[in-house]
Amino acid sequence: MAKSPETEHPNKAFGWAARDKSGVLSPFHFSRRDNGENDVTVKILYCGVCHTDLHTIKNDWGYSYYPVVPGHEIVGIATKVGKNVTKFKEGDRVGVGVITGSCQSCESCDQDLENYCPQMSFTYNAIGSDGTKNYGGYSETIVVDQRFVLRFPEGLPSDSGAPLLCAGITVYSPMKYYGMTEPGKHLGVAGLGGLGHVAVKIGKAFGLKVTVISSSPDKEDEAINRLGADSFLVSSDPRKMKVAINTMDYIIDTVSAVHALYPLLGLLKVNGKLVTLGLPEKPLELPIFPLVLGRKMVGGSDVGGMKETQEMLDFCANHNITSDIELIKMDEINTAMERLAKSDVRYRFVIDVANSLSPP
Ligand code: NAP
C-alpha cells in the first residue's frame, strides 16, 4: 500500500497545501527525505507567489496532482549538506527555483539547459528523482540536489530577491537567447505583473527603451515613476495602440490569460520578435499574416538553466534589481490568491515563511 505523505519519508514537514481545484490552501503535514550525499537541506525564509502557483492550485492546465504545496521562489538557509556537496556549506544563504531535478546526462543537461531536459522535475506538482512527490516552498524546509540550489548573492535582499528565482530568470533567459539586449532598442512588456515588472527593470538595465502594454490604466504612474518604464500603453485604447504600430523591436508577453496576439504583432517593426511567456489555460490564436508580411517571429521560453539562473541573480545584484513586493503571512495566502487572480498585486506577493508558518 502506498505510504501517506506524512510517513513516506523519515523527516516530518509542515506546509500549506491545496487539496482540490477550489484552490483553497490550508495547513498540511507531510514529510521530507533524509539529506542525501548530494543534497542540501534548506530552512525556508521567504517564498514568492507566482501566477503558476495559482494556475496549479486551480488545476487550470488539467494536470494538478493534489495535495499541492506550491512555491518555487524560495530563499533560505542551508542547514545540512551531504558529503559530496562542494558548492555550499551550512549557514549559506541559498535559493531554489522552479526545477529541482533532471537526468543530468542528456544533451540539454550537458548544455546547462536542465530546464529543457525530458526528465526535468518541477519543484512541486511533480515526481522527484526518488519516485516520490515534490512539495514546494510554502513549507518550512526543502531538500534539494546541490545542482538545483543557487548561491544567493550578498547584496540581494532575501524577501524582495526571492521572486527573481522564477520571475527573474523567466524574463532574463529569453532576452539573452533571442538577442533582445541591444542598447537603445525598443522593448514592449505586455502584462505588468510579477514577470512583467521584473522585465521592465532588466530591460532598463540592458539599456533598452521600455514600453509597458497593460490592461490596467491605473498602473501607468507606477510603471513610469517607480519601475522606470519610458512609456505606457493601455491595450484597450485603440488610439494609443495605433500610434505605437511598427515601433517596437521586441515584445515580452507575460499575460496570464487568453488574449489577442494580433495587436501585439502590429506593434513590432519588421523583423520584430515576440516572446510569449504566459501560460493561459487555453491556446492563443496565432495570426499568420502579420508574421509573414513583416518577417516577424514568435517564440517561447521556459524559465532557465541553473548556470544562467546564477548569472541572472548576480546580474540583478550588480544592478540593484529586486522585485517590488507585498510581504504576507502564511495565513493571508488565500486572500492573496484572490487578489492575484484580479491582477491586484504590486507586484509580487512574498510569504514571510520563517516568521508566520507554524504547525497548529
Ligand atoms: P501575474 O503577476 O498575475 O501577471 C500577469 C499579468 O497579466 C497581470 O498583472 C495583468 O497585467 C495581465 N493580465 C492578467 N489577466 C489579463 C487579461 N484577462 N487580459 C489582459 N491582461 C491580463 O502573473 P506572473 O506571475 O507574472 O505570470 C504570468 C504568466 O506567466 C502566468 O501564466 C504564469 O503561469 C506564466 N509563467 C511562465 C513561466 C515560463 O517559464 N514561461 C514562468 C513563470 C510564470 P496588466 O494589469 O498590466 O494588464
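Here the structure is a predicted model, which means the values were calculated and not measured.

1. Details of the packing of aromatic side chains
Tallied over the entire structure, the rule returns 8 aromatic pairs. Arranged with centres 5.0 Å apart and planes meeting at 80 degrees, the rings of Tyr-177 and Tyr-178 form a pair that is edge-to-face. Exposure remark for Tyr-178: the relative accessible area of 16% places this residue in the buried category. Aromatic rings pair up to connect Phe-28, Phe-30 and Tyr-135 into one cluster. When the ring centre of Tyr-65 is taken as reference, the NZ or CZ atom of Lys-133 above it lies at 4.1 Å.

2. Examining the UniProt feature "domain: Enoyl reductase (ER)" (unreviewed entry) in the protein chain
Mapped onto this numbering, the UniProt entry gives "domain: Enoyl reductase (ER)" (unreviewed entry) at residues 23-351. Taken end to end, residues 23-351 is 26% helix and 26% strand, and its two terminal C-alpha atoms sit 17 Å from one another.

3. Considering the site of the ligand
What surrounds the ligand is a group of 29 residues, the closest being His-51, Ser-214, Ser-215, Ser-216 and Arg-348. Take Leu-277: an N or O atom from its main chain is 3.0 Å from a nitrogen atom of the ligand. Ser-301 is positioned such that a nitrogen or oxygen atom in its backbone is 2.9 Å from a nitrogen atom of the ligand. In the complex, 89% of the free accessible area of the ligand, which totals 920 Å², lies under the protein chains. Sorting the residues of the shell around the ligand by element identifies helix 1 (51-57) and helix 5 (194-205) as the ones contributing at least two each. At 3 residues, the largest contribution of residues to the shell around the ligand is made by helix 1.

4. Here we look at the sheet that holds strand 13 (residues 248-253)
Spatial ordering of the open sheet is given by 12-11-10-13-14-15, a layout of 6 strands whose pairing is parallel. Each edge of the open sheet is held by one strand with a lone partner, namely strand 12 (231-234) and strand 15 (297-300). In this sheet, adjacent strand axes meet at a mean angle of 20 degrees when their direction is disregarded.

5. Structural notes on the domain arrangement of the protein chain
Parsing the protein chain into structural domains produces domain 1 (11-152 + 324-352) and domain 2 (168-300). Each of domain 1 and domain 2 has a C-alpha centre, and the two are 28 Å apart. At the interface, 9 residues of domain 1 touch 15 residues of domain 2. With both sides pooled, the region where domain 1 packs onto domain 2 buries about 1200 Å², and carbon together with sulfur makes up 45% of that total.

6. Description of helix 10 (residues 306-318)
Look at helix 10: 18 Å from first C-alpha to last across 13 residues, which is about the 18 Å you get at 1.5 Å a residue. Buried residues of helix 10: Met-306, Glu-308, Thr-309, Gln-310, Met-312, Leu-313, Phe-315, Cys-316 and Ala-317, and no others. On its buried side, helix 10 packs onto strand 6 (99-101), strand 9 (149-151), helix 4 (167-177) and helix 5.

7. Remarks on the packing of helix 4 against helix 10
Close contact between helix 4 and helix 10 brings their axes to 10 Å; oriented N to C, the two are set at 105 degrees. It follows that helix 4 is roughly perpendicular to helix 10 by the angle criterion. For the pair helix 4 and helix 10, the contacting residues are Gly-168, Ile-169, Tyr-172, Ser-173 and Lys-176 in the first and Glu-308, Thr-309, Glu-311, Met-312 and Phe-315 in the second. Here the residues of the contact of helix 4 with helix 10 sort into 4 nonpolar, 3 polar and 3 charged.

8. Here we look at the packing of helix 4 against helix 5
The interhelical angle for the contact between helix 4 and helix 5, taken along N-to-C directions, is 50 degrees, at an axis separation of 8 Å. Between helix 4 and helix 5, the crossing angle belongs to the class labelled oblique. Our pair here, helix 4 against helix 5, has a crossing hand that is right-handed. Across the interface between the two elements, Ala-167, Gly-168, Thr-170, Val-171, Tyr-172 and Met-175 from helix 4 touch Gly-194, Leu-195, Val-198, Ala-199, Ile-202 and Gly-203 from helix 5. Per-class residue counts for the contact of helix 4 with helix 5 are 8 nonpolar, 4 polar and no charged.

9. Remarks on the environment of His-55
By secondary structure assignment, the location of His-55 is in helix 1. C-alpha of His-55 to C-alpha of Ala-341: the two residues are 286 residues apart in sequence and 9.3 Å apart in space. Discounting chain neighbours no more than four positions away, the residues touching His-55 are Asp-60, Trp-61, Ser-256 and Leu-279. Reaching out from His-55, the side chain makes a polar contact with the side chain of Asp-60 at a distance of 2.8 Å.

What counts and what doesn't
Residues numbered from 1 in each chain as written. Predicted model: local features only at pLDDT ≥ 70, side-chain atom pairs only at ≥ 80, totals over all residues. Heavy atoms only, no water. Phe/Tyr/Trp six-rings, centres within 6.5 Å; stacked < 30°, edge-to-face > 60°. Buried < 20%, exposed > 50% of the residue type's maximum accessible area, 1.4 Å probe, protein only. Lys NZ or Arg CZ within 6 Å of the ring centre and 35° of its normal. UniProt positions renumbered as here; feature names shortened; annotations may be inferred. Helix = DSSP H or I, 4+ residues; strand = E, 2+ residues; numbered from the N terminus. Near = heavy atom within 4 Å. Polar contact = N/O pair within 3.5 Å; in protein donor to acceptor, adjacent residues only side chain to side chain. Areas by Shrake-Rupley, 256 points an atom, 1.4 Å probe, with all protein chains shown as cover. Pairing = 2+ DSSP bridges. Axes fitted to C-alpha atoms, helices over the stretch in contact; angles between N-to-C directions. Domains from an automatic or database assignment. Contact = heavy atoms within 4.5 Å. Buried area = accessible area lost by both parts, 1.4 Å probe. Expected span 1.5 Å × (residues − 1). Parallel < 35°, antiparallel > 145°, perpendicular 65-115°, else oblique. Nonpolar A, V, L, I, M, F, W, Y, C, P; charged D, E, K, R; others polar. Left-handed = near helix turned anticlockwise from the far one by under 90°.

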